[in-house]
Amino acid sequence: MKEFAASIVLFICVIALVITNAIYIKNTATDIKSLALAVYESNGEDKAISDLKDSWESSKKIFALSISLREVDIITEYIIRLECAKIDGDDEELTRVYHLLCNAIDDATRYEKISFHTVF
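**Structural notes on the packing of aromatic side chains**
Then, number 1: Under the definition given, this model contains two aromatic pairs.
Then, number 2: Summarising the aromatic geometry, the rings of Tyr40 and Tyr98 are spaced 4.7 Å apart at their centres and angled 15° between planes, so their arrangement reads as stacked. Taken together, the positions of Tyr40 in helix α1 (residues 2-41) and Tyr98 in helix α4 (residues 91-109) put the pair 58 residues apart, joining distant regions of the chain.
Then, number 3: Since its relative accessible area comes to 11%, Tyr98 is described here as buried.
Then, number 4: Taking the centre distance of 5.3 Å and the plane angle of 65° together, the rings of Trp56 and Phe63 count as edge-to-face. In terms of burial, Trp56 and Phe63 fall into one category: buried.

What follows is the structure, given as structure tokens:
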């Protein structure tokens with residue numbers, strides 16, 4: 001009976017961790033995308049770029065626990081390319097990289113949504 005109770009407690013803990021992780025990933029991805037939009041729409045302000053880079057650097061390690069390192073590297077690359085396009089003043093490249101970054105974030109977080117498949 002003790003083993004059954006322990007397994008129920010562990011099962012509830014796993015479900016709680018999966019839900020917490022999904023909420024964190026969703027909120028962080030939304031924040032990163034809104035900061036990227038701020039960079040895209042800014043008029044040469046370095047604050048928007050530094051906010052995006054700081055936010056990504058602080059959440060990248062936790063993201064790496066949930067998504068593959070390849071996807072983390074792709075997002076990091078697009079953030080760097082977005083910064084370079086903004087600094088160079090290349091509006092066409094800035095638009096392209098912004099959309100690629102948003103797509104990469106969406107792709108990386110696609111499997112982190114709460115669903116029956118995620119929990120079981």
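**Focus on the nonpolar core**
Then, number 1: Within the largest apolar cluster, 25 residues are counted, with the highest numbers of intra-cluster contacts made by Leu52, Trp56, Ile75, Leu82 and Leu101.
Then, number 2: Counting residues per element, the ones that place at least two in this core are α1, α2 (46-66), α3 (69-88) and α4.
Then, number 3: The element that contributes the greatest number of residues to this core is α4, accounting for eight residues.
Then, number 4: When residues no more than four places from it in sequence are discounted, the contact partners of Leu101 are Ala36, Ile75, Tyr78, Ile79 and Leu82.

**A word on the state of the cysteines**
Then, number 1: Going through the model one piece at a time under the given rule, you end up with zero disulfides.
Then, number 2: Left unpaired, Cys102 is separated from the closest cysteine sulfur, that of Cys84, by 17 Å.

**Remarks on α2**
Then, number 1: Along its 21 residues, α2 runs 30 Å from first to last C-alpha, staying within 8% of the 30 Å computed at 1.5 Å per residue.
Then, number 2: Of all the bends in α2, the greatest, near 45°, is centred on Lys60.
Then, number 3: Along α2, the positions that sit buried rather than exposed are Ala48, Ile49, Leu52, Ser55, Trp56, Ser59, Phe63 and Ser66.
Then, number 4: Those residues of α2 that are buried lie in contact with α1, α3 and α4.

Cut-offs and rules
- Residues numbered from 1 in each chain as written.
- Predicted model: local features only at pLDDT ≥ 70, side-chain atom pairs only at ≥ 80, totals over all residues.
- Heavy atoms only, no water.
- Phe/Tyr/Trp six-rings, centres within 6.5 Å; stacked < 30°, edge-to-face > 60°.
- Helix = DSSP H or I, 4+ residues; strand = E, 2+ residues; numbered from the N terminus.
- Buried < 20%, exposed > 50% of the residue type's maximum accessible area, 1.4 Å probe, protein only.
- Core = buried A, V, L, I, M, F, W, Y, C linked by side-chain atoms within 4.5 Å.
- Contact = heavy atoms within 4.5 Å.
- Disulfide = S-S within 2.5 Å.
- Expected span 1.5 Å × (residues − 1).
- Bend = angle between axes of the 7 residues up to and from the residue.

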